[in-house]
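Geometric and topological summary
These are the residues of each chain, in order.
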Amino acid sequence: MSKTPYEIRLELLKMANEILVTPVFQKREALMSEYHSKITDANRESYPFPTLPDFPSSTDIVSKAEELKKFVDQS
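Residues numbered from 1 in each chain as written. Predicted model: local features only at pLDDT ≥ 70, side-chain atom pairs only at ≥ 80, totals over all residues. Heavy atoms only, no water.

Next up on the list: the packing of helix α1 (residues 5–38) against helix α2 (residues 58–73). Following both chains from N to C, one finds α1 and α2 inclined at 120 degrees, their axes separated by 8 Å at the closest point. Regarding α1 and α2, the two cross each other, and that crossing is right-handed. Between α1 and α2, the contacting residues are L12, L13, M15, A16, N17, I19 and L20 on the first element and D60, I61, V62, K64, A65, L68, K69 and V72 on the second. The residue inventory of the contact of α1 with α2, partitioned by class, reads 11 nonpolar, 1 polar and 3 charged. (Axes fitted to C-alpha atoms, helices over the stretch in contact; angles between N-to-C directions. Helix = DSSP H or I, 4+ residues; strand = E, 2+ residues; numbered from the N terminus. Left-handed = near helix turned anticlockwise from the far one by under 90°. Contact = heavy atoms within 4.5 Å. Nonpolar A, V, L, I, M, F, W, Y, C, P; charged D, E, K, R; others polar.)

So this is what it looks like as structure tokens:
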């Protein structure tokens, strides 16, 4: 059974979200692991908490979904 245009758009949004969010989670995890490996209670002051990357906005996700849709629509 074929999908409705709404279902296709929803899947594209989910894919776009995953594409954009996965690297952010990976970067945040790497920064936190590095931070926790360097600190101890004694030297907590010498290692400031890292600046973590922001998650993509809904506008970023919609833009990525539109980019994916253009690719899918190519003949």
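There's plenty left to go through after this.
Let's shift gears to the environment of K70. Of note, K70 is situated in helix α2. When the C-alpha atoms of K70 and T4 are compared, they prove to be 17 Å apart, with 66 residues separating the residues in sequence.

Tallying each qualifying case throughout the model produces 2 aromatic pairs. For the pair F25 and F55, a centre-to-centre distance of 5.0 Å together with 65 degrees between the ring planes defines the contact as edge-to-face. Of this pair, F25 sits in helix α1 while F55 sits in the loop between α1 and α2, and the two are 30 residues apart along the sequence. The class of F25 is exposed, set by a relative accessible area of 52%. On the basis of relative accessibility, which here comes to 38%, the residue F55 falls in the partly exposed class. Ring plane angle 75 degrees and centroid distance 5.2 Å describe the contact between Y35 and F49, whose orientation is recorded as edge-to-face. Taken together, the positions of Y35 in helix α1 and F49 in the loop between α1 and α2 put the pair 14 residues apart, joining distant regions of the chain. (Phe/Tyr/Trp six-rings, centres within 6.5 Å; stacked < 30°, edge-to-face > 60°. Buried < 20%, exposed > 50% of the residue type's maximum accessible area, 1.4 Å probe, protein only.)

Let us now look at the pattern of salt bridges. All told, the structure shown has 4 salt bridges when counted by the stated rule. A salt bridge links K3 to E11; its shortest N-O distance comes to 2.1 Å. K3 sits in the partly exposed class, given a relative accessible area of 43%. When its relative accessible area of 36% is taken as the criterion, E11 is described as partly exposed. E67 serves as the salt-bridge partner of K64, at 3.4 Å between the closest nitrogen and oxygen. Here the residue K64 and the residue E67 both occupy positions in helix α2, the gap between them amounting to 3 residues, near one helical turn. (Salt bridge = Lys/Arg side-chain N within 4 Å of Asp/Glu carboxyl O.)

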